[in-house]
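The residues making up each chain are set out below.
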Amino acid sequence: MAATAFSATKFMQPLPPRLNSTRSAERSLFSDPLKIKTTTSFLGSIHTNKLSLSRSPISHSSSSSSASRRSPNVVAVSEVVKEKTTQSTASLSSLLITKEEGLALYEDMVLGRSFEDMCAQMYYRGKMFGFVHLYNGQEAVSTGFIKLLKQEDCVVSTYRDHVHALSKGVPARAVMSELFGKTTGCCRGQGGSMHMFSKEHNLLGGFAFIGEGIPVATGAAFTSKYRREVLKEADCDHVTLAFFGDGTCNNGQFFECLNMAALWKLPIVFVVENNLWAIGMSHLRATSDPQIWKKGPAFGMPGVHVDGMDVLKVRDVAKEAISRARRGEGPTLVECETYRFRGHSLADPDELRDPAEKAHYATRDPISALKKYMFENNLANEAEFKAIDKKIDELVEDAVDFADESPLPARSQLLENVFADPRGFGIGPDGRYRCEDPKFTEGTAQV
Amino acid sequence: MAAISQGIEATTALFLANSNKFLFSSCGSSLSEKKRNFFVVKSDGKSYSGLNQQQRRAQKVVTNAIATKKDKAPSSTASKPGHELLLFEALREGLEEEMDRDPCVCVMGEDVGHYGGSYKVTKGLAEKYGDLRVLDTPIAENSFTGMGIGAAMSGLRPIVEGMNMGFLLLAFNQISNNCGMLHYTSGGQFKIPIVIRGPGGVGRQLGAEHSQRLESYFQSIPGIQMVACSTAYNAKGLMKAAIRSENPVILFEHVLLYNLKERIPDEEYVLNLEEAEMVRPGEHVTILTYSRMRYHVMQAAKTLVNKGYDPEVIDIRSLKPFDLYTIGNSVKKTHRVLIVEECMRTGGIGASLTAAITENFHDYLDAPIVCLSSQDVPTPYSGTLEEWTVVQPAQIVAAVEQLCQLLR
């Protein structure tokens, strides 16, 4: 295992032992599966206390009102953990979600899971090609955050973007068609798995290189601030979420954007989906200080760590981070500890990860966890869940049928969206703009 | 946001159905005046036919040959129309006019705000428009260019300044992947009306890294347009056109040209991004050039005229795409082509232009195309060595003489 290999090398400082025992030195809580079961009372509300800074009356209400509020920017995970361990397992006075909210969260996560499973099937049947990165296991992060957004809020993702698109509201049909390369896809078949865009739902991509979406998200947040302050649209409080992984947190663009976002107090939340693995590179082997949330305070913004396998905890943290941004208090860095059940992509044999680690996280499946919570608190019964499962199955099947029946792009589509203003193709030898040539749209013109 | 989404659909729809929408009538006799009649449906649903009001004005102001301008003795300013200014002031004027016209236009870059820009192109703008509209960024080219792209996607019209064009090499990721490609990979949903500009080219002993010509590196990126300005007149016109364009445009300025003085019209004008500029009509040879080399060419032209040659000088201005109409008409007339550029020899603009001309106008050529470019060396610091890396007027004269000899 990697940990033992490390301790053998002379010049490396000993890193904390690998995941099975502890993921970080202080968080021994996650080591013992039994402990986890008893503390599944979702403790997200404890986190919110630390995040909120203002006592302004306009603060958006979170589902649980917090009694104590603390001032500093920095949130130490150790404090959170201390509270967790001292917290008795007695149930909280108020539930974290209503039945409707719970079922909506469940449905969204099941949609993500079923869709990704169907993608795998379709890939192995030769309906889609290239690099396809599936999101199985990480649904709590997408659902927890994106379901709190308005349509005008923006989401920027990476190549693991199918579920972000679905959570943001892009129809499953459009995403599946895009994956099949059909012209009815959300990007007319021109983007593919790694480039999901939706103008209507404000999904700003889908980026293939890691880190290159973060500046774009920063730009969208800048626009929101610009609208409010320069264009005087006083009610513009659009928030942008930037999703990226643990590997990205060692990339220059990440740090440059943390700096700019904090400097100008941009309404953005940086969401780190720390699933511990960048293809075959363990986070612990690539990062000098593996605790990513710590990098927030270094730039002057709160850094929060949250259990990314628990949708209610994520949702609680997300509420506060998004409200902070809406209030104009600036960015937040949220590190979600999560895990992907499948390999990095469908081409990844996934031989490097320890089966024991995979088994450990399989017991923390966010969908099962939510179901369990709702059962325990009598929010829903088995029949209702089954109904949702069936509904989603039908939806995904319908998406596949739609994609199958959709046409492939015609030759004339090749040159169509290269330029927003097609005069950019220039003036041809005959004096006309190339785009004025009828053969251009038919796709038979020489450029 | 809503307005933009309408625009995207409308523009895409227009493009799909454009074969019966665009009408063409042949242009007038003069090479410098191109009339284009067309029917355009704009993204907001309004339509117009014939020339754009501003383009009509632009046609009226014919660019005078640089050589003749230099020879004119300075006369009293009171009698002449227009106003005199330096090239960097012309850029600023264009920028300011566009910022007044559209509140979504904003500037971002290093030292553009309080410092006024390292070449004073944005001087005074931060005081006028505020710190958010003229944004001083930290030194993070890749990220603030990406930020500009994200802002453009969400409705603003940013102008990103590279303090020196060479610094934009750090932003290559964003320029290539996002700026050029996102309109396409999003299926036309998002447009990126960004302008990336900055000074480049070989200056006065600035050293290798500050003397780069990035036009050759960027030219392959699909989805962007590149223009190079060379006079105060076209600097202002191209700046305005670039800002108004829905496409991402890279505007190449030159460090040594910022202090060129010229008289430009008082009334508003916008130039065409895709057109080349006829600098000096002639009969014997077509000399294609851009940016600073235009002045070396015109200096050589004086010598050539004295020796009895009649060169036609065209400033191609649009580096991507090439204006093959102006260039083609010239080739058909003179049958000999000389390209003078400041780019390096390998894979430069001249190389692409040579290929394009050979492909399209091979039959009209009486001699092989000659391309004079800078040497394939990192620009040395020492003055004499630096002089030898770029093309000098004497070399241009010699090349023309050799080209024309082949016909005598």
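Predicted, not measured: the structure shown is a model, and the values here were computed from it.

What counts and what doesn't
Note that residues are indexed from 1 along each chain, following the sequence as it is written. Each chain gets a letter, beginning with A, and each ligand a number, beginning with 1, in the order they are written. The model is predicted, so local features are restricted to residues of pLDDT at least 70 and side-chain atom pairs to those at 80 or more, both for listing and for counting; the totals for chains, interfaces and linings are taken over all residues. Water and hydrogen atoms were dropped before computing side-chain values, which therefore reflect all heavy atoms in the structure. Each helix is a run of DSSP H or I of at least 4 residues and each strand a run of E of at least 2, with the numbering of both proceeding from the N terminus. Note on classification: 1.4 Å probe, protein chains only; a residue is buried when its accessible area is under 20% of the maximum for its type, exposed when over 50%, partly exposed between these limits. Residues are treated as being in contact if the distance between any of their heavy atoms lies within 4.5 Å. In these tables, accessible area is a Shrake-Rupley quantity obtained with a 1.4 Å probe, and a residue counts as shielded only by the protein chains included in the view. Accessible area, probed at 1.4 Å, shrinks when two parts are joined; the buried area is that loss added up over both. Any Lys or Arg side-chain nitrogen found within 4 Å of a carboxyl oxygen on Asp or Glu counts as a salt bridge. Throughout this description, a polar contact denotes any pair of N or O atoms lying within 3.5 Å of each other; where both atoms belong to protein, one of them has to be capable of donating a hydrogen while the other can accept it, and for residues adjacent in sequence the pair is counted only when both atoms sit in side chains. A helix is expected to span 1.5 Å multiplied by its residue count minus one. UniProt positions are given in the numbering used here, feature names are shortened, and annotations may be inferred rather than shown by experiment. Ring pairs are drawn from Phe, Tyr and Trp, using the six-membered ring of Trp, whenever the two centres fall within 6.5 Å, and their geometry is named by plane angle: stacked under 30 degrees, edge-to-face over 60, tilted for the rest. Geometrically, a lysine NZ or arginine CZ counts as sitting over a ring once it is within 6 Å of the ring centre and also within 35 degrees of the ring normal.

(A) How the structure looks around the overall build of chain A. Along its length, chain A carries 17 helices and seven strands. Considering chain A as a whole, with its 447 residues, one finds that 60% of them fall into the buried category. A sequence separation of at least 24 residues applies to 74% of the contacts in chain A between residues at least 6 apart. Of the accessible surface of chain A, which amounts to about 17,300 Å², a share of 55% is contributed by carbon and sulfur atoms.

(B) Representation of the interface of chain A and chain B within the structure. Taken together, the contact between chain A and chain B spans 62 residues of the former and 66 residues of the latter. Across the interface of chain A and chain B, roughly 5,600 Å² is buried in total on both sides, 64% from carbon and sulfur atoms. Linking chain A with chain B are zero salt bridges. Linking chain A to chain B there are 22 residue pairs in polar contact (both at pLDDT 80 or more).

(C) Local environment of helix H16 (residues 382-405) of chain A. Residue and element names in this part refer to chain A. With 24 residues, H16 extends 35 Å between its outermost C-alpha atoms, agreeing within 8% with the 34 Å of an ideal straight helix rising 1.5 Å per residue. What H16 keeps buried is the set Phe385, Ile388, Ile392, Val396, Ala399, Val400 and Ala403. Summarising the contacts, the buried residues of H16 are in contact with helix H5 (99-124), helix H8 (172-180) and helix H15 (366-376).

(D) Up close: the environment of Asn251 of chain A. All names here are of chain A. Along the chain, Asn251 falls in the loop between strand S2 (240-245) and helix H10 (252-263). On the basis of relative accessibility, which here comes to 23%, the residue Asn251 falls in the partly exposed class. Sequence separation between Asn251 and Gly211 is 40 residues; the distance between their C-alpha atoms is 6.6 Å.

(E) Spotlight on the UniProt feature "domain: Transketolase-like pyrimidine-binding" (unreviewed entry) in chain B. As recorded in UniProt, the feature "domain: Transketolase-like pyrimidine-binding" (unreviewed entry) lies at residues 85-260 of chain B. With 36% helix and 18% strand, the stretch residues 85-260 of chain B has end C-alpha atoms that lie 8 Å from each other.

(F) Representation of unusual backbone geometry. Of note, the bond from Gly205 of chain A into Gly206 of chain A is cis; its omega dihedral lies within 30 degrees of zero at 20°. Relative to the helices and strands, Gly206 of chain A resides in the loop between H8 and helix H9 (213-229). In this structure, the amide linkage connecting Lys320 of chain B to the following residue, Pro321 of chain B, adopts the cis form with an omega of 5°. For Pro321 of chain B, the location among the structural elements is in the loop between strand S14 (318-320) and helix H12 (324-334). The backbone of Asn378 of chain A sits at a positive phi, close to 55°, despite the residue not being glycine. Residue placement: Asn378 of chain A occurs in the loop between H15 and H16. The exposed category is assigned to Asn378 of chain A, whose relative accessible area is 69%.

(G) Geometry of helix H13 (residues 311-327) of chain A. All names here are of chain A. For H13, spanning 17 residues, the distance from its first C-alpha to its last is 24 Å, which sits close to the expected 24 Å at 1.5 Å a residue. The buried count for H13 comes to 16 of 17 residues, which makes it a mostly enclosed element. With a side-chain oxygen lying 3.1 Å from the backbone nitrogen of Leu312, the N-terminal cap of H13 falls on Asp310. Following H13 by one or two positions, Gly328 adopts a phi angle in the positive range, close to 90°.

(H) The arrangement of the pattern of salt bridges in detail. All names here are of chain A. Evaluation of the coordinates by the stated rule reveals 50 salt bridges over all chains. Here Lys225 and Glu229 are joined by a salt bridge, their closest N and O atoms 3.2 Å apart. With a gap of four residues between them, Lys225 and Glu229 both fall in helix H9, about one helical turn apart. Accessibility expressed as a relative area gives 37% for Glu229, which makes it partly exposed.

(I) Molecular detail of the UniProt feature "domain: Dehydrogenase E1 component" (unreviewed entry) in chain A. In the UniProt entry, the feature "domain: Dehydrogenase E1 component" (unreviewed entry) is given for residues 108-409 of chain A. For residues 108-409 of chain A, the helix share is 46%, the strand share is 10%, and the end-to-end C-alpha distance is 30 Å.

(J) A look at the packing of aromatic side chains. All told, the structure shown has 16 aromatic pairs over all chains when counted by the stated rule. For the pair Phe145 of chain A and Phe243 of chain A, a centre-to-centre distance of 6.0 Å together with 90° between the ring planes defines the contact as edge-to-face. With Phe145 of chain A in helix H6 (residues 139-146) and Phe243 of chain A in strand S2, the pair connects residues that are 98 residues apart, well separated along the chain. Of note, Arg423 of chain A hangs over the ring of Tyr433 of chain A, and the distance from its end group to the ring centre comes to 5.9 Å. Against the face of Tyr115 of chain B rests Lys120 of chain B, its NZ or CZ located 4.4 Å from the ring centre.

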